[in-house]
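Structure at a glance
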Protein chains: 2
Amino acid sequence: MTRKIYNCEHGCAVESTLQMISGRWKSVILYHLMFDGSLRYNELQKLIPGITRRMVSLQLKDLEKDGLIYRKVVQEKPLQVVYGMTDYGYSLKEIIELLYRWGEDFNHKNAGLLEEECLTCN
Amino acid sequence: MTRKIYNCEHGCAVESTLQMISGRWKSVILYHLMFDGSLRYNELQKLIPGITRRMVSLQLKDLEKDGLIYRKVVQEKPLQVVYGMTDYGYSLKEIIELLYRWGEDFNHKNAGLLEEECLTCN
DNA sequence: CTGTATCCCCGGTGATACTG
DNA sequence: CAGTATCACCGGGGATACAG
């Protein structure tokens with residue numbers, strides 16, 4: 001995942017941020033680590049229906065590389081790893097919260113649609 | 001562009017929002033329409049280096065379909081069209097602003113990197 | 001338990017030419 | 001001026017099997 005630099009006119013900064021939290025599962029992972037607290041690899045996988053081990057790995061690796069989360073080996077044999085937000089990651093808190101609230105509102109407004117299409121609801 | 005419904009556990013709402021503003025050029029377009037005011041097709045293209053006419057069309061169409069922007073024909077012969085934010089679109093203002101500020105900070109911190117990789121800067 | 005290695009597919013996007 | 005039509009590419013992500 002090489003960071004892309006877009007056109008650097010106004011608006012570029014918005015893309016820089018989106019780049020960090022875009023990725024099929026990044027925002028959900030961030031949401032969980034932010035509001036559920038630090039979690040283990042397996043816990044994340046259980047919390048996020050549909051995600052594969054591969055994607056847990058890849059997305060976590062990206063987020064870690066960007067300094068938004070940390071990875072800590074708690075114990076070897078059996079291997080135990082914990083992921084959590086860094087301070088830098090927490091600086092995204094307000095953004096994630098706003099995205100969440102806006103989305104809640106959107107989902108509410110489009111509840112009819114969602115019920116029809118959402119396969120994993122309930 | 002069919003709206004995708006992800007796993008509807010917590011975090012789902014964040015994805016719903018991101019879905020609306022993700023897309024190669026959507027966030028920049030939103031930024032411009034939000035802070036520069038309504039703009040014509042050509043003006044948008046000029047303001048956004050690198051975007052093709054095709055993408056201007058596609059992204060605008062998506063945004064319009066989602067109710068975030070409106071399209072208004074100002075005059076026929078010669079055809080003149082203006083795009084602008086709807087009230088619903090403006091409800092994203094705080095989000096876009098935060099994304100922008102966070103990204104500015106990020107770009108600043110990584111200025112060295114950016115200078116090397118950014119092809120369209122200055 | 002916590003990952004990695006491979007293979008493959010599909011949709012988003014770029015390039016380019018055409019249109020009302 | 002404001003788009004649309006086609007084609008082609010490529011990289012993000014899914015499925016599955018393997019590994020320390």
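Data block above holds the structure.
These remarks concern the structure in this document. (Residues numbered from 1 in each chain as written. Chains lettered and ligands numbered in written order. Predicted model: local features only at pLDDT ≥ 70, side-chain atom pairs only at ≥ 80, totals over all residues. Heavy atoms only, no water.)

1. Digging into the overall build of chain A
What chain A contains, in helices and strands, is 7 helices and 3 strands. Counting across all 122 residues of chain A, residues that qualify as buried make up 47%. When contacts within chain A are restricted to residue pairs at least 6 apart in sequence, those whose partners lie at least 24 apart make up 47%. Summing over all exposed atoms, chain A offers an accessible surface of approximately 6600 Å²; the carbon and sulfur share of this is 49%. (Helix = DSSP H or I, 4+ residues; strand = E, 2+ residues; numbered from the N terminus. Buried < 20%, exposed > 50% of the residue type's maximum accessible area, 1.4 Å probe, protein only. Contact = heavy atoms within 4.5 Å. Areas by Shrake-Rupley, 256 points an atom, 1.4 Å probe, with all protein chains shown as cover.)

2. A closer look at the protein's contact with DNA strand D
As a matter of local geometry, DNA strand D sits amid 18 residues, with A:R24, B:N42, B:R53, B:R71 and B:Y83 nearest to it. Sugar plus phosphate, as a fraction of atoms of DNA strand D within 4 Å of the protein: 62%. The separation between a sugar or linking oxygen of DNA strand D and a polar main-chain atom of B:L79 is 3.4 Å. Taken together, the elements giving at least two residues each to the surface near DNA strand D come down to helix 4 (53-65) of chain A together with helix 3 (41-47), helix 4 (53-65) and strand 3 (80-85) of chain B. Looking at the surface near DNA strand D, the element that brings in the most residues is helix 4 of chain B, giving 4 residues. Here the residues of the surface near DNA strand D are counted per class, giving 6 nonpolar, 4 polar and 8 charged. (Near = heavy atom within 4 Å. Polar contact = N/O pair within 3.5 Å; in protein donor to acceptor, adjacent residues only side chain to side chain. Nonpolar A, V, L, I, M, F, W, Y, C, P; charged D, E, K, R; others polar.)

3. Considerations on the protein's contact with DNA strand C
In the vicinity of DNA strand C, 18 residues are found, and the nearest of them are A:N42, A:R53, A:R71, A:Y83 and B:R24. The contact in question runs from a phosphate oxygen of DNA strand C to an N or O atom on the side chain of A:Y83, over 2.7 Å. With respect to DNA strand C, the backbone of B:R24 contributes an N or O atom lying 2.6 Å from a phosphate oxygen. Looking at the surface near DNA strand C, the elements that each hand over two or more residues are helix 3 (41-47), helix 4 and strand 3 (80-85) of chain A together with helix 4 of chain B. Partitioning the surface near DNA strand C into residue classes produces 6 nonpolar, 4 polar and 8 charged.

4. Observations concerning the pattern of salt bridges
Residue and element names in this part refer to chain B. Under the definition given, this model contains 8 salt bridges over all chains. Between K109 and D105 there is a salt bridge whose closest N-O contact spans 2.8 Å. You can see K109 and its partner D105 sitting in helix 6 (residues 93-109), 4 residues apart, about one turn around the helix. Take D105: its relative accessible area is 36%, and that puts it in the partly exposed class. (Salt bridge = Lys/Arg side-chain N within 4 Å of Asp/Glu carboxyl O.)

5. Remarks on helix 6 of chain B
Helix length check: helix 6 of chain B (17 residues) gives 24 Å between terminal C-alpha atoms against 24 Å at 1.5 Å per residue, within 8%. Within helix 6 of chain B, the full set of buried residues consists of B:I95, B:I96, B:L98, B:L99, B:Y100, B:W102, B:G103, B:F106 and B:N107. (Expected span 1.5 Å × (residues − 1).)

6. Quick look at the sheet that holds strand 2 (residues 69-75) of chain B
Residue and element names in this part refer to chain B. With antiparallel pairing, the 3 strands of this open sheet are ordered in space as 1-3-2. Every other strand in the sheet has two partners, leaving strand 1 (39-40) and strand 2 as the edge strands with one partner each. Where strand 1 and strand 3 come together, 2 bridges link them in antiparallel fashion. Following the sheet pairing, L39 is matched in strand 3 by Y83. (Pairing = 2+ DSSP bridges.)

7. A word on the pairing of strand 3 of chain A
Of all 6 residues in strand 3 of chain A, 6 are buried; the element is thus mostly enclosed. Adjacent in sequence and paired antiparallel, strand 2 (residues 69-75) of chain A and strand 3 of chain A are bridged by 4 residues, among which A:K77 carries a positive phi angle near 50°.

8. Observations concerning the environment of A:E97
Structurally, A:E97 can be placed in helix 6 (residues 93-109). Sequence spacing of A:E97 and A:F35 is 62 residues, and the spatial spacing of their C-alpha atoms is 9.8 Å.

9. What about the environment of A:R71?
With respect to the element layout, A:R71 can be found in strand 2. Along the backbone, A:R71 and A:G84 are 13 residues apart, and their C-alpha atoms lie at a distance of 6.9 Å.

10. Comments concerning unusual backbone geometry
For residues besides glycine, phi is generally negative; the peptide bonds are generally trans as well. Residues and elements named next belong to chain A. In this structure, the amide linkage connecting K77 to the following residue, P78, adopts the cis form with an omega of -10°. By the element assignment, P78 lies in the loop between strand 2 and strand 3. Even without a glycine there, the phi angle at K77 is positive, about 50°.

11. Considerations on the environment of A:V73
All names here are of chain A. Of note, V73 is situated in strand 2. Look at V73 and you get partly exposed, because its relative accessible area is 37%. The spacing of V73 and R40 is 33 residues in sequence and 9.8 Å in space, taken between C-alpha atoms. If sequence neighbours within four positions are ignored, V73 has contacts with L79, Q80 and V81.

Fair warning: the whole summary comes from geometry, so function is off the table for now.
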